[in-house]
Amino acid sequence: MKIAAEVTAEIGNDRFAGAVGMLSSCGCEISSARLAAKNAGRAVYDFHLTYTDIGEFKKALSWFEDELNGCRIVSIKNYLDEMIRSGLVTVTGSMPIDNIEDYQMNVLGVSHLVREKILESENPAEESGITRSVGLISCIRDKSERQKKMAPLLHADAEIAAAVLGKFGGLNGYPVIVRYDLQEDLVKYLKALEPGFSGFRIDHIDDDETPDIYEQIADELSIPVVSAKYDEMPVFILAALHKIVKKHRYRTKDCNVGFIGLDVSAMRLARLLRRAGFMRVLGFDNNEKSMFQFERESGLATTPENIVSNAEIVVLLKNQFSETDLVRMRPGLSVISMLDDPEAEELFSKRKGFGDIVTGEWADSATLYPGMLKGKAGSQRAGIDDSAVIAMAEMLANEDVPSGQFLPDVFSGIHDKIAACVAGE
């Protein structure tokens with residue numbers, strides 16, 4: 001991830017070199033610095049820079065003012081702000097409408113022609129854009145205060161997914177926010193939306209502690225459905241497990257895997273890992289209902305302390321552990337982190353005898369869902385089955401990637417390989 005910004009700062013005439021050095025030392029890459037104004041021994045500069053961590057960037061600017069006496073941040077402009085406010089995707093027609101002739105032909109004429117073709121066709125959907133339309137679904141309960149933040153956040157995520165889907169999948173994604181009260185109502189709402197789409201990607205569902213809702217959706221819908229938590233996340237974690245097992249030459253029958261924090265991806269993986277022959281799959285969550293469901297899926301519910309002292313590999317899904325839990329940590333422990341929390345990850349990495357950690361933004365979902373939806377095109381079954389999850393994970397784990405890169409990137413041609421795995425080719 002990279003973000004570009006323009007920082008305008010007032011600096012004493014003898015402080016310019018120190019200001020450049022301090023910004024650079026804080027992780028900011030300066031592409032240019034322009035003198036904007038100068039008077040009375042002080043100057044105003046416009047710094048054009050990029051950074052990778054928003055939190056660290058804010059700390060850097062605060063430190064910049066504190067450490068350099070006489071320096072002041074005048075303004076900060078993020079180059080993406082204007083684009084974000086106007087929406088992250090733009091819907092345009094595939095035909096030009098630049099003048100009255102275009103309008104007569106490409107709007108009025110096409111409207112008449114497409115209606116005629118649909119009415120005469122034995123397969124009307126094939127004559128429409130439905131076959132290339134994907135609903136990007138986020139489902140939230142009716143909590144009005146929470147919706148003020150959640151709905152815009154989820155809509156923004158869906159807009160980004162639409163841009164990715166168009167680029168790498170050749171499909172048209174449409175953000176849809178579904179508000180519901182009961183889970184049984186949610187399935188009805190999705191079935192009501194079904195006629196207008198060739199597939200769904202479910203980005204979020206409130207209160208999805210168990211796999212039941214995803215399995216119910218797969219059973220009752222007749223169009224392909226891909227889910228961020230239930231389908232995509234297990235592929236990433238399973239691929240990472242394969243790579244670590246291979247790196248350390250573990251035998252699966254002697255290898256224990258532990259999950260700290262349980263969600264539907266951990267519950268699906270508990271079943272898959274036991275089927276793959278792993279010795280034990282351990283798990284912990286603060287929610288007792290999640291612990292019970294994990295055991296129903298062939299996992300063994302226990303404590304964080306027991307997990308880190310017995311497992312060869314630990315997957316962090318939630319920050320539900322403390323430094324005290326790590327006192328008896330197994331030497332050489334490997335960690336796969338799905339957290340966006342460097343401080344929590346550091347509790348592991350700073351301990352003596354620690355093995356290795358897979359951390360950072362390594363699990364980019366854009367690697368998966370365009371190919372998954374392409375591979376499911378025309379399928380008569382909604383969900384992604386276990387065999388496809390296993391095939392995708394094994395393929396990702398065996399791909400050759402550049403040094404320092406954990407999995408293939410979105411420009412590696414990976415989407416066609418994902419589509420082939422899903423289609424069973």
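These remarks concern the structure in this document.

## Examining the layout of surface pockets
Here is step 1: Here the second largest pocket is characterised by a volume of approximately 530 Å³.
Here is step 2: As for the second largest pocket, its lining consists of 22 residues, and the residues nearest its centre are V91, T92, S94, N172 and Y174.
Here is step 3: If you list the elements that add at least two residues to the lining of the second largest pocket, you get α4 (100-120), α5 (144-169) and β6 (172-180).
Here is step 4: Residues that form the lining of the second largest pocket fall into these classes: 10 nonpolar, 10 polar and 2 charged.

## Side note on the pattern of salt bridges
Here is step 1: Under the criterion given, the structure shown has 20 salt bridges.
Here is step 2: Across the pair K247 and D356 runs a salt bridge, and its minimum N-O distance is 2.7 Å. You can see K247 sitting in helix α8 (residues 228-248) and its partner D356 sitting in strand β14 (residues 356-358), a full 109 residues away along the chain.
Here is step 3: Judged by relative accessible area, which is 56%, K247 ranks as exposed.
Here is step 4: A network of salt bridges, in which partner residues are shared, links D231, R268, R271, R275, E297 and D386.

## Side note on a negative patch on the surface
Here is step 1: Where like charges cluster on the molecular surface, the negative patch consists of D53, D340, E361, D364 and D409.
Here is step 2: The topology assignment puts D340 in the loop between β13 (334-337) and α12 (342-349).
Here is step 3: For D340, a relative accessible area of 80% puts it in the exposed group.

## Concerning the packing of aromatic side chains
Here is step 1: On inspection of all chains with the given rule, the structure shows 9 aromatic pairs.
Here is step 2: The interplanar angle of 10° and the centroid separation of 5.4 Å between the aromatic rings of Y214 and Y230 together place this pair among those described as stacked. Of this pair, Y214 sits in helix α7 (residues 212-220) while Y230 sits in helix α8, and the two are 16 residues apart along the sequence. As far as burial versus exposure is concerned, Y214 and Y230 are alike and both buried.
Here is step 3: Ring pairing ties together the aromatic residues Y174, F197 and F200, which thus form one cluster.
Here is step 4: A cation over an aromatic ring shows up here: R201 above the ring of Y369, its NZ or CZ 4.0 Å from the ring centre.
Here is step 5: The ring of F406 carries K243 above its face, with NZ or CZ at 5.4 Å from the centroid.

The rules behind the values
- Residues numbered from 1 in each chain as written.
- Predicted model: local features only at pLDDT ≥ 70, side-chain atom pairs only at ≥ 80, totals over all residues.
- Heavy atoms only, no water.
- 1 Å grid on protein atoms, 1.4 Å probe; cavity = no way out; pocket = protein on both sides within 12 Å on 5 of 7 lines; lining within 4 Å.
- Points joined across faces, edges and corners; volume = space filled by probe spheres on them.
- Helix = DSSP H or I, 4+ residues; strand = E, 2+ residues; numbered from the N terminus.
- Nonpolar A, V, L, I, M, F, W, Y, C, P; charged D, E, K, R; others polar.
- Salt bridge = Lys/Arg side-chain N within 4 Å of Asp/Glu carboxyl O.
- Buried < 20%, exposed > 50% of the residue type's maximum accessible area, 1.4 Å probe, protein only.
- Patch = residues over 30% accessible without salt bridge, like charges linked within 9 Å, V, L, I, M, F, W, Y side chains within 5 Å.
- Areas by Shrake-Rupley, 256 points an atom, 1.4 Å probe, with all protein chains shown as cover.
- Lys, Arg positive; Asp, Glu negative; His and termini not counted.
- Charge placed at Lys NZ, Arg CZ, Asp CG, Glu CD.
- Phe/Tyr/Trp six-rings, centres within 6.5 Å; stacked < 30°, edge-to-face > 60°.
- Lys NZ or Arg CZ within 6 Å of the ring centre and 35° of its normal.

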